[in-house]
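# Examination of the molecular architecture
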Number of protein chains: 2
Amino acid sequence: MKIKYAIGVDLGGTKVKLGIVTSEGRIVKKISVPTLANDGPEKSIGQIKKGIKSLLKGNKKLIQGIGIGSPGTVALKKGTVENPPNLPGWGKVHLGKIISEEFKIKTHVENDANAAAIGELIYGSGKDLTSFIMVTLGTGVGGGIIFNRKLFRGDHGGAGEIGHITIDHNGKECNCGSFGCLETYLGNNYLVEEVRHQLELNKDSIIYKLLDNNLDNLSPKVIHDASLLGDKFSQNIIANLGETLGHGLASVVNIFDIANIIIGGGVAGFGRPLFNSVKESVKSRVLTPLKPKIKVLKASLKNNAGIKGASSLVFYD
Amino acid sequence: MKIKYAIGVDLGGTKVKLGIVTSEGRIVKKISVPTLANDGPEKSIGQIKKGIKSLLKGNKKLIQGIGIGSPGTVALKKGTVENPPNLPGWGKVHLGKIISEEFKIKTHVENDANAAAIGELIYGSGKDLTSFIMVTLGTGVGGGIIFNRKLFRGDHGGAGEIGHITIDHNGKECNCGSFGCLETYLGNNYLVEEVRHQLELNKDSIIYKLLDNNLDNLSPKVIHDASLLGDKFSQNIIANLGETLGHGLASVVNIFDIANIIIGGGVAGFGRPLFNSVKESVKSRVLTPLKPKIKVLKASLKNNAGIKGASSLVFYD
């Protein structure tokens, strides 16, 4: 069988990462260009074109399509990106149309969290699943819903905002303006802040040693390292994180009637202790018929998940 | 145009209500038989057959199909009802197959909350909507999701369990075993109990007069009556109820990216004050792009919503 190739474009606020990816999800060539977001959309689009052009050189005949993962809401028809956070001045940009006309190559644009879910569907942990809930733990908490091997987009392409379901309606205010959103408890910044507070009452945690008593450098990675060294405090943090995530996911499982969960993003690096805690928490809270069906899996696209997810749009369509 | 007819069967724990319904949702004939649930599934199925037979008498040629709304999870293929609450001993019953073989008429079975959503889609407030979230406020809080003019069933037919999304993960225990489910705050029994508590500190509420000081007869209807008479306490109860419901619905709106909400069931009788409160609450909490799109509508199938919803399955398919 002839190998098929796609270009994946991961459009970020500071960098555009691009790669040529096989239909098995292997990156064969990779580059990166600065987004120059502060110079406005024209400039950034120019950078995207520049990156694609460089990848196409000598390879154009092999490329089946271009996939772009973008922040913000995306309308499929013209690959229109709307108000992407971190890309000031974009408003509405028909990115898909612009790129496909430039290179005469079919171009697919999708929201980056949705692209990550499609990446797991096509290449990753969701390859053999009919439906799953994908959640990405990073600065924010993103998500995407795959139902019947299709992305569930909702009415305007914005479905799957798992980070903004409420787990405590009287809870902390979220950046989105609501209260007690899952992201408020699990976003990297909130997590680090919370742990810093708790460390004041846990002076015996190994974390102090690992950081030379300078908590300014506290990060999820340090918490993970400490937990691996047997630090009970850090192990508890991870278990509690999983439990809280499970409380939110149980609502999502109940309302979608989808029992498979895939977790990705930096914090997913906490590994088995996190996954076990999530699974137990979800099982304890979902409706009875769903309990035996719950599966919690680790995302398999790790490094370059952005490029791979974007490229998967070509093979998904 | 020739009028089309369907039989709708509303299978309840104590009564089976049946009717002949036009494709516009008008009931032209209606009967009811006891379910005799305690005598086991055979007996109850016999009762359903008896009811259908009586409706078919002299009308069989006109009937396009039979729709059955049932408690429990339903698998579409053989119209299989699984573990319906209130119907002891049912386990798995291939109800659709049994009825269609008996009468040689195409038979559709669906969960009753889902059937209510399809009823609004075919006959009611959802007639002109592409997608909506249907919520039914009764003893429990039920729901159904219509996306792209289709019922979203999830992987096992159980999607749309809006009553069992968590709004406070440290909240009260729910009948389902989870904590802080929406139903815990909005189910009729919880509501009445909560109001009874609050009345102890609100001795000037008109409710005392309306009930001759006997709070045993407290019901949503009495709260509504008092609010119409200008009782501030009752008006607050209704506004708070709407606010809480809005907190839960905001999560559902965010994750499905569906901005239309239809509210039915007894408590929907609270009318405009409830609806306004829900709308304001949802708008204040959903993600920014969704705020201007939020619509909150009253269900239009009121009396006999069960029969009508069930019959709509015939015209939906």
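This text gives an overview of the structure that appears in the document. Since this is a predicted model, take the numbers as computed values, not measurements.

Here we take up the overall build of chain A. Assigned secondary structure in chain A consists of 10 helices and 13 strands. Its C-alpha atoms give chain A a radius of gyration of 20 Å, near enough to 20 Å, the size a compact globule of 317 residues would have. In chain A, buried positions account for 58% of the 317 residues. Considering only contacts within chain A whose residues lie at least 6 apart along the sequence, 59% involve residues at least 24 apart. Carbon and sulfur atoms provide 49% of the accessible area of chain A, an area that totals close to 13800 Å².

The next point concerns the interface of chain B and chain A. A common measure of how large an interface is: the accessible area buried when the components associate. At the junction of the two partners, chain B supplies 37 residues and chain A supplies 37 residues. Buried area between chain B and chain A, both sides added, is near 3500 Å², and the carbon and sulfur share of it is 54%. If you sort the residues of chain B by the area they bury against chain A, B:His169, B:Ile255 and B:Arg285 come out on top, with a joint share of 21%. Across the chain B-chain A interface, the total number found is 0 salt bridges. Summed over the shared surface of chain B and chain A, the number is 22 residue pairs in polar contact (both at pLDDT 80 or more). Every element with two or more residues in the side of chain B that touches chain A is listed here: α8 (232-256) and α9 (272-285) of chain B. It is α8(B) that contributes the most residues to the side of chain B that touches chain A, 7 residues altogether. Split into classes, the residues belonging to the side of chain B that touches chain A amount to 14 nonpolar, 16 polar and 7 charged.

Moving on, we get to the side chain of A:Thr22. Residues and elements named next belong to chain A. Note on placement: Thr 22 falls in strand β2 (residues 15-22). Judged by its relative accessible area of 1%, Thr 22 falls in the buried class. Those residues in contact with Thr 22 that lie beyond four places of it in its chain are Ile 3, Lys 4, Tyr 5, Val 28, Tyr 123 and Phe 315.

Before going further, it helps to examine the relation of the copies chain B and chain A. Of the two same-sequence chains, chain B is brought onto chain A (RMSD 0.0 Å, axial shift 0.0 Å) by a rotation of 180 degrees. Such a combination of turn and shift is consistent with a two-fold rotation axis. Closest to the rotation axis within chain B is the C-alpha of B:Asp168, separated from it by 2.1 Å. Interface overlap between copies is the fraction of interface residues in one copy that are interface residues in the other; for chain B against chain A it reaches 100%, indicating a shared surface.

Rules of the game
- Residues numbered from 1 in each chain as written.
- Chains lettered and ligands numbered in written order.
- Predicted model: local features only at pLDDT ≥ 70, side-chain atom pairs only at ≥ 80, totals over all residues.
- Heavy atoms only, no water.
- Helix = DSSP H or I, 4+ residues; strand = E, 2+ residues; numbered from the N terminus.
- Rg over C-alpha atoms; globule rule 2.2 N^0.38 Å.
- Buried < 20%, exposed > 50% of the residue type's maximum accessible area, 1.4 Å probe, protein only.
- Contact = heavy atoms within 4.5 Å.
- Areas by Shrake-Rupley, 256 points an atom, 1.4 Å probe, with all protein chains shown as cover.
- Buried area = accessible area lost by both parts, 1.4 Å probe.
- Salt bridge = Lys/Arg side-chain N within 4 Å of Asp/Glu carboxyl O.
- Polar contact = N/O pair within 3.5 Å; in protein donor to acceptor, adjacent residues only side chain to side chain.
- Nonpolar A, V, L, I, M, F, W, Y, C, P; charged D, E, K, R; others polar.
- Least-squares fit on C-alpha atoms with pLDDT ≥ 70 in both.

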